[in-house]
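# Analysis of the macromolecular model
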Amino acid sequence: MFKQKYGTTALVAGASEGMGAAYAHALASRGMNLVLIARRKEELEATAADIATRYGVKVLPVVCDLAAPDATQQIIHVIGDTAIDFLVYNAALSFIGPYLSTGPSTHLDIAAVNVQTPLALLHYFGGKMVARRRGGIVMMASLAGFQGSGFLATYGASKAFDRVLAEGLWYEWKPFGVDVIACCAGATATPNYNNTHPRKGSFLEPKAQLPAQVVEECLQKIGTVPSFVSGTGNKLVSFLLSHVLPRKKTVKIMGDSMHKIYGSKWESN
Ligand SMILES: NC(=O)c1ccc[n+]([C@@H]2O[C@H](COP(=O)([O-])OP(=O)(O)OC[C@H]3O[C@@H](n4cnc5c(N)ncnc54)[C@H](OP(=O)(O)O)[C@@H]3O)[C@@H](O)[C@H]2O)c1
């Protein structure tokens, strides 16, 4: 059904582990061949080989740093004229800490991975999907992008961009048979997230979801809505923060929560 609707080949940008690998498994289990992108060759090849064996689909690992200004050209160079029917932009760069505690290049790198490369990839592969009148695109966004998030300011802003971009393209491309969705996740137990060793933040904070839970909800929702918040706990919290509390209160809760979860790290440096 999924493959009949969208086509045979999916590209997952940021796919060697965590949420990206969960997308790769879920799409392969739906019979799609895959192009998987990440920087670490060994991890990427191991994930690709595991998926190919498990689901009997073709998997092409492509080592590429999505922060590179020519990342899209590098990918096109490797895959040639392989048609991409489904695209997941999952990779992201974040920096947790006071904005001024790192150099401007960190913030510009976040913009490259989370904003610039998605723009270029969506223009190229989305354009081809529109021309073929069929396709699906998932942009990974985050609850951190629903309001200013102190100590996560650039990442939060980039995730707001990703959500709003996907929603706009949902409207533009729907008439051409291309479904676009922003998946707004809350805390999810990926290696990346676990490596930050988060402490409990606000009492409002729901338990971290598993990557496969987020992915399944997303693949069920695509085609029905421009964006969604994953998980019941996250839906309740985001409703409260976005629609019930005043914006000033919401921004304060987010900043206080980030400080409580991670502040001891930068304050001890
Ligand atoms: N985890 C959470 O709690 C959470 C919450 C809300 C939203 N999200 C969103 O969900 C998505 C995935 O989250 P995650 O951070 O936990 O990651 P993940 O899916 O567990 O892993 C990130 C993947 O992207 C690859 N990657 C990272 N930077 C890359 C780059 N510059 N070029 C190529 N590949 C790159 C990594 O492989 P290599 O290291 O080998 O390159 C890895 O395979 C992100 O968009 C994030 O904003 C996550």
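These notes cover the structure that comes with them. (Residues numbered from 1 in each chain as written. Predicted model: local features only at pLDDT ≥ 70, side-chain atom pairs only at ≥ 80, totals over all residues. Heavy atoms only, no water.)

Moving on, we come to helix 8 (residues 211–221). Every buried residue belonging to helix 8 is among Pro211, Val214, Val215, Glu217, Cys218 and Leu219, and all of these are buried. A positive backbone phi angle near 100 degrees is found at Gly223, which sits one or two residues after helix 8. (Buried < 20%, exposed > 50% of the residue type's maximum accessible area, 1.4 Å probe, protein only. Helix = DSSP H or I, 4+ residues; strand = E, 2+ residues; numbered from the N terminus.)

Turning to the side chain of His107, a few remarks are in order. Tracing the backbone through its elements, the reader meets His107 in helix 5 (residues 104–132). A relative accessible area of 9% places His107 in the buried class. Engagement of the side chain of His107 in a polar contact is seen with the side chain of Thr154, the distance being 2.7 Å. The contacts of His107, once residues within four sequence positions are left out, are Phe95, Tyr99, Thr102 and Thr154. (Polar contact = N/O pair within 3.5 Å; in protein donor to acceptor, adjacent residues only side chain to side chain. Contact = heavy atoms within 4.5 Å.)

Secondary-structure assignment places Ala166 in helix 6 (residues 153–173). Sequence-wise, Ala166 and Gly20 are 146 residues apart; in three dimensions their C-alpha atoms are separated by 18 Å. Other than its neighbours up to four places away in sequence, Ala166 contacts Met139, Val180, Ile181 and Ala182.

As a further point, take the site of the ligand. Not every one of the 30 residues close to the ligand is listed here, only the nearest: Ser16, Arg39, Asn90, Tyr155 and Thr190. In this structure, Ala15 approaches the ligand through a main-chain N or O atom, which is 3.5 Å from an oxygen atom. In this structure, Glu17 approaches the ligand through a main-chain N or O atom, which is 3.3 Å from an oxygen atom. Its free accessible area being 880 Å², the ligand has 93% of it covered by the protein chains. Among the secondary structure elements, those contributing two or more residues to the shell around the ligand are helix 2 (18–29), strand 5 (135–142), helix 6 and helix 7 (191–195). For the shell around the ligand, the class distribution of residues is 15 nonpolar, ten polar and five charged. (Near = heavy atom within 4 Å. Areas by Shrake-Rupley, 256 points an atom, 1.4 Å probe, with all protein chains shown as cover. Nonpolar A, V, L, I, M, F, W, Y, C, P; charged D, E, K, R; others polar.)

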